[in-house]
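Below, each chain spelled out in residue letters.
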Amino acid sequence: MKLYALSLFLHLTSVTVWVGGMFFAYLCLRPAASSLTPEQRLPLWEAALGRFLNWVGIAVLLILLSGLYMMMAMGPANTPWPIHAMAGLGIVMMLAFGHARFASYPRLRRAVQAQNWPDGARALDGVRRIVAFNLALGFIVIALAAAIRG
């Protein structure tokens with residue numbers, strides 16, 4: 001039982017880091033940074049996203065491992081449908097994160113290093129769309145978690 005409680009703690013903490021970070025980036029940092037010039041805004045985003053995506057990588061691993069453990073502890077046949085839905089949406093979110101981390105972010109990094117601001121803006125827009133998509137899915141996953149308890 002203590003291992004289950006630890007898994008739940010790691011799971012919820014990791015979801016908080018990921019979804020909370022996306023909320024902050026999309027609804028706080030993005031509007032605040034919009035008044036900056038591309039020469040200021042894009043290096044800021046490149047640095048912030050580099051740190052954030054590293055933390056999310058850890059969170060994704062912890063979410064996956066803790067979620068699998070908790071589902072196995074319940075027994076897949078005894079797992080309520082909202083948990084299966086959360087797992088499915090979580091996998092979609094992880095794939096979208098992978099695209100942001102390993103495709104869009106490296107394009108942003110290369111553009112910033114080359115001071116190619118139009119390419120950097122396009123790469124950042126790709127990350128922005130993924131964050132918007134994942135943030136929406138994250139709220140749905142949280143609603144499903146709440147539905148299990150309610």
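Relevant structure appears above.
Below: a short report on this structure. None of the values given here were measured: they were computed from a predicted structure.

## Re the overall build of the protein chain
So, step 1. Summing up its helical and strand segments, the protein chain has four helices and zero strands in all.
So, step 2. For the protein chain, the α and β elements follow one another from N to C terminus as α-α-α-α.
So, step 3. Projected onto the principal axes, the alpha-carbon positions of the protein chain cover approximately 55 × 25 × 20 Å.
So, step 4. Once local pairs closer than 6 in sequence are excluded, the contacts in the protein chain between residues at least 24 apart make up 78%.
So, step 5. When the accessible surface of the protein chain is split by element, carbon and sulfur atoms take 71% of a total near 8,600 Å².
So, step 6. The average position of the 12 basic charges and that of the 4 acidic charges among the side chains of the protein chain differ by 13 Å.

## Considering the packing of aromatic side chains
So, step 1. Summed over all chains, the structure comprises two aromatic pairs.
So, step 2. Ring geometry for Trp18 versus Phe97: centroids 6.2 Å apart, planes at 75°, classification edge-to-face. Residue Trp18 is located in helix H1 (residues 2-33), and its partner Phe97 is located in helix H3 (residues 81-114); the two are separated by 79 residues in the primary sequence. As far as burial versus exposure is concerned, Trp18 and Phe97 are alike and both buried.
So, step 3. A centroid spacing of 6.5 Å and a plane angle of 75° characterise the contact between Phe23 and Phe139, whose relative ring orientation is edge-to-face. Of this pair, Phe23 sits in helix H1 while Phe139 is found in helix H4 (residues 117-149), placing the two residues 116 residues apart along the sequence.
So, step 4. Given a relative accessible area of 38%, Phe23 falls into the partly exposed group.
So, step 5. Judged by relative accessible area, which is 42%, Phe139 ranks as partly exposed.

## Considerations on the packing of H1 against H4
So, step 1. The interhelical angle for the contact between H1 and H4, taken along N-to-C directions, is 140°, at an axis separation of 10 Å. Put simply, H1 runs oblique to H4. As for the relative orientation of H1 and H4, their crossing is left-handed in sense. Contacts between H1 and H4 pair Leu8, Trp18, Val19, Met22, Phe23, Tyr26 and Arg30 from the former with Arg128, Val131, Ala132, Asn134, Leu135, Gly138, Phe139, Ile142 and Arg149 from the latter.
So, step 2. Considering only residue class, the contact of H1 with H4 consists of 11 nonpolar, two polar and three charged.

## Let's talk about the pattern of salt bridges
So, step 1. Scanning the entire structure with this criterion turns up four salt bridges.
So, step 2. The salt bridge partner of Arg122 is Asp119, with a shortest N-O separation of 2.2 Å. Here Arg122 pairs with Asp119, and both are found in helix H4, just three residues apart, close to one helical turn.
So, step 3. What makes Arg122 exposed here is its relative accessible area of 53%.
So, step 4. Asp125 serves as the salt-bridge partner of Arg128, at 2.8 Å between the closest nitrogen and oxygen. Pair noted here: Arg128 and Asp125 are both in helix H4, with a separation of three residues, about one helical turn.
So, step 5. Assessed through its relative accessible area of 25%, Arg128 is described here as partly exposed.

Reading the values: rules and limits
- Residues numbered from 1 in each chain as written.
- Predicted model: local features only at pLDDT ≥ 70, side-chain atom pairs only at ≥ 80, totals over all residues.
- Heavy atoms only, no water.
- Helix = DSSP H or I, 4+ residues; strand = E, 2+ residues; numbered from the N terminus.
- Contact = heavy atoms within 4.5 Å.
- Areas by Shrake-Rupley, 256 points an atom, 1.4 Å probe, with all protein chains shown as cover.
- Lys, Arg positive; Asp, Glu negative; His and termini not counted.
- Charge placed at Lys NZ, Arg CZ, Asp CG, Glu CD.
- Phe/Tyr/Trp six-rings, centres within 6.5 Å; stacked < 30°, edge-to-face > 60°.
- Buried < 20%, exposed > 50% of the residue type's maximum accessible area, 1.4 Å probe, protein only.
- Axes fitted to C-alpha atoms, helices over the stretch in contact; angles between N-to-C directions.
- Parallel < 35°, antiparallel > 145°, perpendicular 65-115°, else oblique.
- Left-handed = near helix turned anticlockwise from the far one by under 90°.
- Nonpolar A, V, L, I, M, F, W, Y, C, P; charged D, E, K, R; others polar.
- Salt bridge = Lys/Arg side-chain N within 4 Å of Asp/Glu carboxyl O.

Treat this as a map of the structure, not an account of what it does.
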